[in-house]
Amino acid sequence: MSTLTVTRRTRLSTVVLILLAPILIALIAAPWWAGRADLRLMGEIALYMSLATLWNLLAGYAGLVSVGQQAYVGLGGYLFFALTMLAGIDPYVALPLAALAGAVIAAPVAVLIFRLRGAYFAIGTWVMAEVFRLSFAQVSALGGGSGTSLSASIVRGMADGRAAREAMAWWLALGVAVLVIGAVVLFLRSRQGVALTAIRDNEVAARSLGIDIWRSKFIVYVVVGGLTTLVGCLIFLQKLRISPDAAFSVNDWTAFVIFIVVIGGIGTIEGPIIGTLVFFALRETMADLGTLYLIALGLVAIVIMLKAPRGLWGFLRDRYNIEIFPLSRRVTGLNKGA
Amino acid sequence: MDWINAVIQGVLLGGLYALFAAGLSLIFGVMRLVNIAHGDLIVLSAYLALTVTTALGLHPLLALVIVVPGMALVGYTLQRAILNRTMGDDLLPPLLVTFGLSVIIQNALLAGYSADPQKLQAGEIETASVALGSIALGVMPLIVFATAVVVIAALQWMFYRTALGRAFRATSDNQDIAQLMGLNRAHVFGLAMGLSLAVTALAGVFLGMRTSFDPAAGSARLIFGFEAVIIGGLGNLWGTLAGGVILGVAQTLGAKINPGYQILAGHLVFLAILAIRPRGLFPRIDG
Amino acid sequence: MPMPDPILTIEGLNAHYGDFQALYDLSMHVEAGEVVAVIGANGAGKTTLLRSISGLLRNAPASVLWRGTPIGAMRADQIAAQGIALVPEGRLLFPSLSVEENLIIGGQSGRKGPWNLQRVYRLFPVLEERRNQASTSLSGGQQQMVAIGRALMSNPDVVLMDEISLGLAPVIIRQIYEALPGIVGEGLTAVLVEQDISKALSVSTRVYCLQEGRVSLEGQSQTVSRDDISRAYFGV
């Protein structure tokens with residue numbers, strides 16, 4: 001008699017899970033071993049990893065290809081500045097409040113732009129981001145078109161001294177990255193997540209199984225909107241200055257993110273993580289090239305889309321049959337019994 | 001009187017927006033492709049015209065003789081070399097590839113021409129106007145609007161009265177069966193993109209004569225064109241003209257209230273129409 | 001003296017429908033002027049065979065030969081230009097085109113020959129009355145006439161017809177089949193895929209029966225026995 005078991009675990013995933021705890025501890029301890037500039041860079045990496053993971057959930061799993069996620073990054077930045085400076089709310093309270101507000105705003109936006117299909121949906125998200133940008137440019141209390149800086153008293157109030165503030169900014173960024181990646185992994189393992197994957201793989205079949213496609217996509221859009229808003233708060237907490245053009249930049253918050261996910265591998269959890277690391281490695285070595293760097297990035301993304309549409313991770317996974325985050329179920333014991 | 005003037009200027013502006021939109025509408029109609037780089041190609045046309053006018057000392061309107069066929073060639077080549085490889089059931093590849101193109105074009109223009117705003121010098125025609133009662137109508141906006149009407153009428157005629165249009169409609173209906181009729185899909189798609197960029201070239205030159213432009217000016221043009229298409233109703237060319245006019249009027253009226261509201265007013269009218277009539281004001285009746 | 005090449009030869013064709021292999025090492029030939037019927041149960045691979053010949057499915061170059069030249073890997077439009085036309089299953093007219101436009105686009109490639117609009121209208125007079133209507137407004141039988149006319153307009157040397165009687169009323173089927181001799185009369189070669197076995201045998205010169213992607217029977221339509229056919233058809 002053979003025993004067939006279905007498992008999501010692979011040897012690599014087990015190794016990584018065991019290594020996860022010491023890696024996390026090392027990362028938490030970063031303020032004691034990393035320099036100031038490195039800590040700042042690592043914070044930026046963590047925030048980009050979060051944005052990429054969220055965009056990948058939208059486009060790679062829910063089929064909602066947005067080119068307007070800068071709407072929520074900018075919204076987060078502005079909400080954080082407004083809640084702390086204008087409403088006088090404690091920054092640590094303002095963060096979850098802004099995330100919640102982002103989700104609440106995303107709901108009616110979804111109802112409206114879900115009327116657009118496919119690629120037109122993508123441009124619709126861009127229109128929304130433009131509406132947000134132009135609207136915030138009209139708010140004179142936040143500096144109008146030229147923007148404003150986070151007042152020093154709020155920054156000082158978050159932690160004692162510069163070193164503590166920088167450590168705090170890093171922990172927040174790391175915390176959000178862990179929260180976002182963890183939430184996405186758990187979500188994709190849940191019933192809702194399986195339903196979402198079913199929709200991606202075959203919309204007609206999913207509908208015939210009684211999956212409410214609109215509702216599934218709506219939930220994903222709203223949750224991603226809220227979490228992207230939270231990431232936006234932290235991005236502009238790091239920058240300390242906000243303006244409509246920086247907050248709602250399609251290049252910074254969407255183009256880069258799309259390139260990261262495409263290069264890493266769309267529709268996989270690992271793809272955005274690997275893509276972010278590759279993106280920053282390239283940026284640190286090639287950023288002096290300026291516009292040429294962006295042209296090269298665009299070319300790489302196009303070539304990958306045409307030649308290896310599943311990205312770096314897809315290539316590695318097909319080649320070596322590996323998976324870090326245990327998502328797909330596999331049957332073991334089949335060949336033992338034969 | 002001011003308000004009537006604003007409406008009339010908005011109508012004329014709508015002609016330019018219809019030109020932004022017509023190329024977008026055409027390729028969507030033929031091959032269900034949405035080209036995110038459309039706005040950047042409009043701006044590329046304007047820069048091409050800038051180079052032609054400065055190098056050869058031509059008037060921008062004469063530069064059209066070079067820019068229009070040049071962009072048509074760019075479109076055909078682009079479709080055959082790159083975009084045809086992305087066509088299929090999955091909408092992600094065309095979307096992301098044209099998005100990548102958009103970033104490439106923008107940065108290539110930045111590298112080649114710097115970020116300084118440029119303008120196409122059209123001479124006296126820029127300021128010439130005709131009086132209509134107490135309202136002055138710019139000659140240039142009138143020419144643009146008339147061109148838009150002619151372009152849309154010509155596209156309409158091409159689509160429904162010529163062999164090329166028949167091939168476009170057949171390929172749009174069923175690519176496989178069209179292929180059985182001896183139509184090479186790759187070539188038909190190339191022609192559609194070529195024609196789309198020929199219209200884009202017109203739009204780009206008029207844009208450059210009307211306002212100053214810079215390498216980042218494309219995304220706004222893509223969005224205006226897209227809004228005109230959706231307001232008018234997908235697949236309806238005359239609807240696209242109406243959509244452009246509605247958008248133009250919304251913007252000039254918005255600007256009349258407060259200069260900061262110009263673009264925002266256009267977006268809001270677009271969203272309102274999307275909320276009330278999701279298929280646009282004049283959708284094509286299918287079947 | 002060597003025999004002249006058949007007009008159409010299928011040699012060792014392995015064709016796939018999605019991930020599923022539909023034809024296994026299939027070989028057959030069609031001589032100029034023949035009407036060849038292809039029969040077989042649902043899923044036997046008849047439609048896949050026609051899609052392979054017409055180029056909608058691309059295969060190994062030498063698996064389909066046109067007058068001895070390999071065409072198996074050509075695109076459908078290139079094959080159409082050689083002189084092979086397909087009347088597809090389910091008619092598949094272009095809904096955006098009028099009746100007459102559907103016919104004109106069939107003649108798009110500009111091959112010379114006896115067929116033109118007038119001749120198609122003489123064959124199916126009802127189409128001339130409805131020439132400016134949308135093709136979707138026609139009845140099923142009339143749509144089938146347009147589909148056949150569209151194929152003829154390219155003046156093909158071989159016409160492939162896929163289930164032209166499917167879903168039509170018996171009286172319409174008779175009408176269409178009565179028109180067939182007028183179509184194949186002048187040396188036009190035809191390959192006919194048909195569910196209705198007696199119809200297929202009555203209009204064809206030779207018959208192939210397919211079963212699970214392989215040829216299970218080949219014979220002269222007039223002499224082949226009913227018992228052989230049911231064996232070849234059902235595999236019992």
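Note that this is a predicted model, so its numbers are computed, not measured.

Peer 1: Can you tell me about the environment of A41 of chain C, naming the residues and giving the values?
Peer 2: Residues and elements named next belong to chain C. Note on placement: A41 falls in the loop between β3 (35–40) and α1 (46–54). Take A41: its relative accessible area is 28%, and that puts it in the partly exposed class. Ignoring sequence-local partners within four residues, the contact set of A41 consists of K46, L210 and Y233.

Peer 1: Give a description of empty space enclosed by the protein that names residues and reports values.
Peer 2: Tallied over the full model, the rule gives 5 cavities of 30 Å³ or more. Every residue along the wall of the largest cavity is listed here: L180, M181 and G182 of chain B together with A80, I84, A85, L86, G106, S109, R150, A151 and S154 of chain C. Elements with a minimum of two residues in the lining of the largest cavity: β6 (84–87) and α6 (140–152) of chain C. Per element, the largest residue contribution to the lining of the largest cavity is 3 residues, and it comes from β6 of chain C. Across the lining of the largest cavity, the residue classes tally to 7 nonpolar, 4 polar and 1 charged.

Peer 1: If you had to explain unusual backbone geometry to someone new, which residues and values would you point to?
Peer 2: All names here are of chain C. The backbone phi angle of D25 is positive, close to 45°, even though this residue is not glycine. The topology assignment puts D25 in strand β2 (residues 20–30). Residue classification places D25 among the exposed residues on the basis of a relative accessible area of 55%. At L92, a residue that is not glycine, the phi angle is positive and equals roughly 50°. For L92, the location among the structural elements is in the loop between β6 and α3 (99–106). You can call L92 partly exposed: its relative accessible area is 35%.

Peer 1: Which residues make up the confidence of the model for chain C, and what are the values?
Peer 2: Caution applies to low-pLDDT regions: their predicted coordinates should not be interpreted in detail. Within chain C, residue pLDDT values average 90, and 98% of them lie at 70 or more. Per-element averaging of pLDDT across chain C places helix α7 (residues 170–184) of chain C at the bottom with 83 and α3 of chain C at the top with 96.

Peer 1: Could you give an account of the packing of aromatic side chains, with specific residues and numbers?
Peer 2: One pass over the full model with this rule turns up 27 aromatic pairs over all chains. Consider the rings of Y120 of chain A and F28 of chain B, whose centres lie 4.8 Å apart with planes at 75°: the pair is edge-to-face. On the criterion of chain membership, the pair formed by Y120 of chain A in helix α6 (residues 118–136) and F28 of chain B in helix α1 (residues 2–31) is interchain, its members lying in two chains. Take Y120 of chain A and F28 of chain B: they sit in the same class, and that class is buried. Measuring from centroid to centroid gives 5.6 Å for Y120 of chain A and F226 of chain B, while their planes differ by 20°, and the two rings are stacked. One end of the pair, Y120 of chain A, is in helix α6; the other, F226 of chain B, is in helix α9 (residues 218–232), on a second chain. Given the relative accessible area of 0%, F226 of chain B is considered buried. Pairwise contacts between aromatic rings join Y72, F114, F121, F132, W214, F218 and Y221 of chain A into one cluster. Residue placement shows K256 of chain B over the ring face of W3 of chain B; its charged tip is 5.5 Å from the ring centre. Between the NZ or CZ atom of R214 of chain C and the centre of the ring of Y24 of chain C, over which it lies, the distance is 4.3 Å.

Peer 1: Explain the sheet that holds β6 of chain C to me, and be specific about the residues and the numbers.
Peer 2: Hydrogen bonds along the backbone pair up the strands of a sheet, which may run parallel or antiparallel. Residue and element names in this part refer to chain C. The 6 strands lie next to each other as β6-β7-β8-β3-β9-β10, forming an open sheet whose pairing is mixed. Across the chains shown, the open sheet's two edge strands, defined by having one partner strand only, are β6 and β10 (214–220). Strand-to-strand twist of the sheet, defined as the mean angle between neighbouring strand axes without regard to direction, takes the value 15°. As judged from the 5 bridges shared by strand β7 (residues 158–162) and strand β8 (residues 189–193), these two strands associate in the parallel manner. In the sheet register, V158 faces β8, and the bridge partner there is T189.

Peer 1: Explain the interface of chain A and chain B to me, using residue names and the numbers behind them.
Peer 2: When the parts of a complex come together, some accessible area is lost, and that lost area is often taken as the interface size. Every contact between the two is made by 37 residues of chain A and, on the other side, 43 residues of chain B. At the boundary of chain A with chain B, total buried surface from both sides reaches about 3500 Å², with 85% on carbon and sulfur atoms. When the buried area of chain A at its contact with chain B is split by residue, Y120, I123 and W126 of chain A rank highest and sum to 19% of it. Applying the counting rule to chain A against chain B returns 0 salt bridges.

Peer 1: Can you lay out the nonpolar core for me, pointing to particular residues and giving the numbers?
Peer 2: Membership of the largest hydrophobic core comes to 236 residues, with the highest contact counts inside it found for W55, L57 and Y221 of chain A, F226 of chain B together with M28 and L49 of chain C. Element by element, the count of residues in this core is highest for helix α3 (residues 36–61) of chain A, at 15 residues. Look past the residues within four positions of L49 of chain C in its chain and what remains in contact with it is L13, L23, L26, M28, V38 and L210 of chain C. Listed in part, the 34 residues of the second largest apolar core include V35, L127, L138 and I148 of chain C.

Peer 1: So, the pattern of salt bridges: which residues are in play, and what are the values?
Peer 2: Applying the stated criterion across every chain yields a total of 17 salt bridges over all chains. For D157 of chain C, the salt bridge is made with R67 of chain C, and the minimal N-O distance between the two is 2.9 Å. Here the residue D157 of chain C occupies a position in the loop between α6 and β7, and R67 of chain C occupies one in the loop between β4 (64–66) and β5 (69–70), the gap between them amounting to 90 residues. The residue E128 of chain C makes a salt bridge to R131 of chain C at a minimum N-O spacing of 3.7 Å. Residue E128 of chain C is classed as partly exposed on the basis of its relative accessible area of 38%. Assessed through its relative accessible area of 29%, R131 of chain C is described here as partly exposed. Ionic contacts of the salt-bridge type, sharing partners, join the residues E44, R283 and E284 of chain A into one network.

Peer 1: Kindly report on the packing of helix α4 (residues 70–86) of chain A against helix α11 (residues 213–239) of chain A, identifying the contributing residues and their values.
Peer 2: Residues and elements named next belong to chain A. Direction vectors running N to C along α4 and α11 enclose 55°, while the axes themselves pass 6 Å from each other. Judged on the interaxial angle alone, α11 and α4 are oblique. Judged by the sense of rotation from one axis to the other, the crossing of α4 with α11 is right-handed. In this structure, α4 uses Y72, V73, L75, G76, G77, L79, F80 and F81 to contact α11, whose residues at the interface are Y221, G225, T228, T229, G232, C233, I235, F236 and L237. When its residues are assigned to classes, the contact of α4 with α11 shows 11 nonpolar, 6 polar and no charged.

Peer 1: Report on the arrangement of the chains, specifying residues and quantitative values.
Peer 2: The top pair by number of contacts, from a total of 2 pairs of chains in contact, is chains A and B. You won't find any contact between chain A and chain C; their C-alpha atoms come no closer than 15 Å.

Peer 1: Tell me about the interface of chain B and chain C, and name the residues and values.
Peer 2: Each partner contributes to the interface: chain B provides 16 residues, whereas chain C provides 21 residues. Across the chain B to chain C interface the summed buried area is about 1800 Å²; carbon plus sulfur atoms make up 63%. When the buried surface of chain B facing chain C is broken down by residue, R166, L180 and M181 of chain B rank first, second and third, together holding 37% of it. Note that R51 of chain C and D176 of chain B form a salt bridge whose closest N and O atoms lie 3.8 Å from each other.

Peer 1: Tell me about the sheet that holds β5 of chain C, residues and numbers included.
Peer 2: Residues and elements named next belong to chain C. With antiparallel pairing, 4 strands are arranged side by side in an open sheet as β2-β1-β4-β5. Looking at the sheet topology across the chains shown, the edges are occupied by β2 and β5. The sheet contact formed by β4 and β5 spans 2 bridges and is antiparallel. If you follow W66 over to β5, its bridge partner there is T69. α1 rests against β1 (8–17), β2 and β4 of the sheet, and its axis sits at about 115° to β1.

Peer 1: So what about α3 of chain C? Which residues, and what values?
Peer 2: Here α3 of chain C lies mainly inside the structure; 7 of its 8 residues are buried. On its buried side, α3 of chain C packs onto α5 (139–161) and α6 (163–173) of chain B together with α4 (117–123), α5 (125–129) and α6 of chain C.

Peer 1: Tell me what's going on with the UniProt feature "transmembrane region" (unreviewed entry) in chain B, and back it up with residues and numbers.
Peer 2: According to UniProt, the positions carrying the feature "transmembrane region" (unreviewed entry) are residues 6–29, 64–83, 95–115, 135–159, 188–209, 229–249 and 261–278 of chain B. As annotated, residues 135–159 of chain B comprises 84% helix and 16% strand, and the C-alpha atoms at either end are separated by 37 Å.

What counts as what
- Residues numbered from 1 in each chain as written.
- Chains lettered and ligands numbered in written order.
- Predicted model: local features only at pLDDT ≥ 70, side-chain atom pairs only at ≥ 80, totals over all residues.
- Heavy atoms only, no water.
- Helix = DSSP H or I, 4+ residues; strand = E, 2+ residues; numbered from the N terminus.
- Buried < 20%, exposed > 50% of the residue type's maximum accessible area, 1.4 Å probe, protein only.
- Contact = heavy atoms within 4.5 Å.
- 1 Å grid on protein atoms, 1.4 Å probe; cavity = no way out; pocket = protein on both sides within 12 Å on 5 of 7 lines; lining within 4 Å.
- Points joined across faces, edges and corners; volume = space filled by probe spheres on them.
- Nonpolar A, V, L, I, M, F, W, Y, C, P; charged D, E, K, R; others polar.
- pLDDT = per-residue confidence, 0-100.
- Phe/Tyr/Trp six-rings, centres within 6.5 Å; stacked < 30°, edge-to-face > 60°.
- Lys NZ or Arg CZ within 6 Å of the ring centre and 35° of its normal.
- Pairing = 2+ DSSP bridges.
- Axes fitted to C-alpha atoms, helices over the stretch in contact; angles between N-to-C directions.
- Buried area = accessible area lost by both parts, 1.4 Å probe.
- Salt bridge = Lys/Arg side-chain N within 4 Å of Asp/Glu carboxyl O.
- Core = buried A, V, L, I, M, F, W, Y, C linked by side-chain atoms within 4.5 Å.
- Parallel < 35°, antiparallel > 145°, perpendicular 65-115°, else oblique.
- Left-handed = near helix turned anticlockwise from the far one by under 90°.
- UniProt positions renumbered as here; feature names shortened; annotations may be inferred.

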